[in-house]
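Structural overview
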Amino acid sequence: MTASAGPLDCLIVGGGPAGLMAAIYLARFRRRVCVVDTGASRAALIPRSHNVPGFVHGLSGVELIARMSAQLDELAVARVEAEVTTLQRHGDGFRAAWNGGALEAATVVLACGIVDVHPPFDRWRAAVADGLLRYCPVCDAFEAIGRRIGVIGPLDRAAGKAMFLRGYARDVTLLATEGEDDQAAMSRLAEAGVEVVFAPGLHLRRRDDRIEAAFATDRTALFDVVYPAMGAEVRSGLAVSLGAEHTGEGYLRVDDHQRTSVAGLYGIGDLVTDLHQISVAFGHAAVAACSIHSSLPRCLA
């Protein structure tokens, strides 16, 4: 699709649960929509989610995206596999461009998400697929009840995650990559029964159906599951380039309608919150789509 095809009602950047849900809503509002996505949604890494209502035994991220994509096919929503590299104001709307293409739209929804910083682990992707390496205790700590859990990351980032997981298992170890001088956090963790091991030279490896942490001292420790708390890259660059307000970590500031500080530009999903939940993404998408539909000229049958 190119700009010569005429302006869209809405361009959606990102094809994870948030972006696809926004597209479904807007298409059913009879709006002209296009989804531009690289095909590398973070949600596709989920081996099985048990937080999606109606799926008693859970479903994988790949299956969820496939089901939602099939809905878009039924609605004849245009999709482009590409990475939007520039987003600029164009008249009253926007012009987005990528390698080999461009288009114009009255409104834009950014659902670009985040990219996790992975731990030092060559086989991290396979470990995620097997449920040994997990990134979201809010999503799946229930499946880790009673297991031996490791949490890896800087003390200030990892402490909260370790404390949360202590509610699901007695054996929780925080593998701190830095932060030895944070005595207040150390006291809270000790009181909760969380062991803290400072291991700046740590790396992880697979050991059968568990993960082995190897320390610079040649000491090792085995865990049933490991949760990284290493931070993430918030993919808000397109909005920031337009002057959108954001937090120090890069999350976009939005109002109750998911509107950013740039008129006509919306942010949804992981891009605007550190509560990285599919249900939250769905809610953001529905709110943004309804707001966009109401802001545009009326559709007539």
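If you check an unreviewed UniProt entry, the protein appears there as Thioredoxin reductase from Bradyrhizobium xenonodulans.

**Focus: the overall build of the protein**
The number of helices and strands found in the protein is eight helices and 16 strands. The C-alpha extent of the protein, read off along each of the three principal axes, is 65 × 40 × 35 Å. Within the protein, the fraction of its 301 residues that count as buried is 50%. Of the contacts made within the protein by residues no fewer than 6 positions apart, 58% connect residues no fewer than 24 positions apart. Carbon and sulfur atoms make up 49% of the accessible area of the protein, which amounts to about 14500 Å² in all. Where the 29 positive side-chain charges of the protein centre and where its 34 negative ones centre are 5 Å apart.

**Some points on the pattern of salt bridges**
Tallied over the entire structure, the rule returns 12 salt bridges. With a shortest N-O distance of 2.5 Å, D73 and R79 are connected by a salt bridge. Using a relative accessible area of 37% as the deciding quantity, one classes R79 as partly exposed. Between D140 and R134 there is a salt bridge whose closest N-O contact spans 3.5 Å. For the pair D140 and R134, a shared accessibility class is recorded, and that class is buried. In the salt-bridge network here, residues are joined through shared partners; they are R42, D116 and D270.

**Remarks on the packing of helix α5 (residues 155–165) against helix α6 (residues 183–192)**
In contact at an axis separation of 11 Å, α5 and α6 are set at 20 degrees when each is read in the N-to-C sense. One element, α5, and the other, α6, form an angle in the roughly parallel class. Note on packing geometry: the crossing formed by α5 with α6 is left-handed. In this structure, α5 uses L155, A159, A162 and M163 to contact α6, whose residues at the interface are A185, M186, R188, L189 and A192. Considering only residue class, the contact of α5 with α6 consists of eight nonpolar, no polar and one charged.

**A few points about helix α1 (residues 17–28)**
For α1, with 12 residues, the first-to-last C-alpha span of 17 Å sits near the 16 Å given by 1.5 Å per residue. Of all the positions in α1, only P17, A18, G19, L20, M21, A22, A23, I24, L26 and A27 are classed as buried. Along its buried surface, α1 packs onto β1 (8–13), β2 (33–37), α2 (61–74) and α8 (278–295). Phi turns positive one or two residues past the end of α1, at R30, with a value near 65 degrees.

Cut-offs applied
- Residues numbered from 1 in each chain as written.
- Predicted model: local features only at pLDDT ≥ 70, side-chain atom pairs only at ≥ 80, totals over all residues.
- Heavy atoms only, no water.
- Helix = DSSP H or I, 4+ residues; strand = E, 2+ residues; numbered from the N terminus.
- Buried < 20%, exposed > 50% of the residue type's maximum accessible area, 1.4 Å probe, protein only.
- Contact = heavy atoms within 4.5 Å.
- Areas by Shrake-Rupley, 256 points an atom, 1.4 Å probe, with all protein chains shown as cover.
- Lys, Arg positive; Asp, Glu negative; His and termini not counted.
- Charge placed at Lys NZ, Arg CZ, Asp CG, Glu CD.
- Salt bridge = Lys/Arg side-chain N within 4 Å of Asp/Glu carboxyl O.
- Axes fitted to C-alpha atoms, helices over the stretch in contact; angles between N-to-C directions.
- Parallel < 35°, antiparallel > 145°, perpendicular 65-115°, else oblique.
- Left-handed = near helix turned anticlockwise from the far one by under 90°.
- Nonpolar A, V, L, I, M, F, W, Y, C, P; charged D, E, K, R; others polar.
- Expected span 1.5 Å × (residues − 1).

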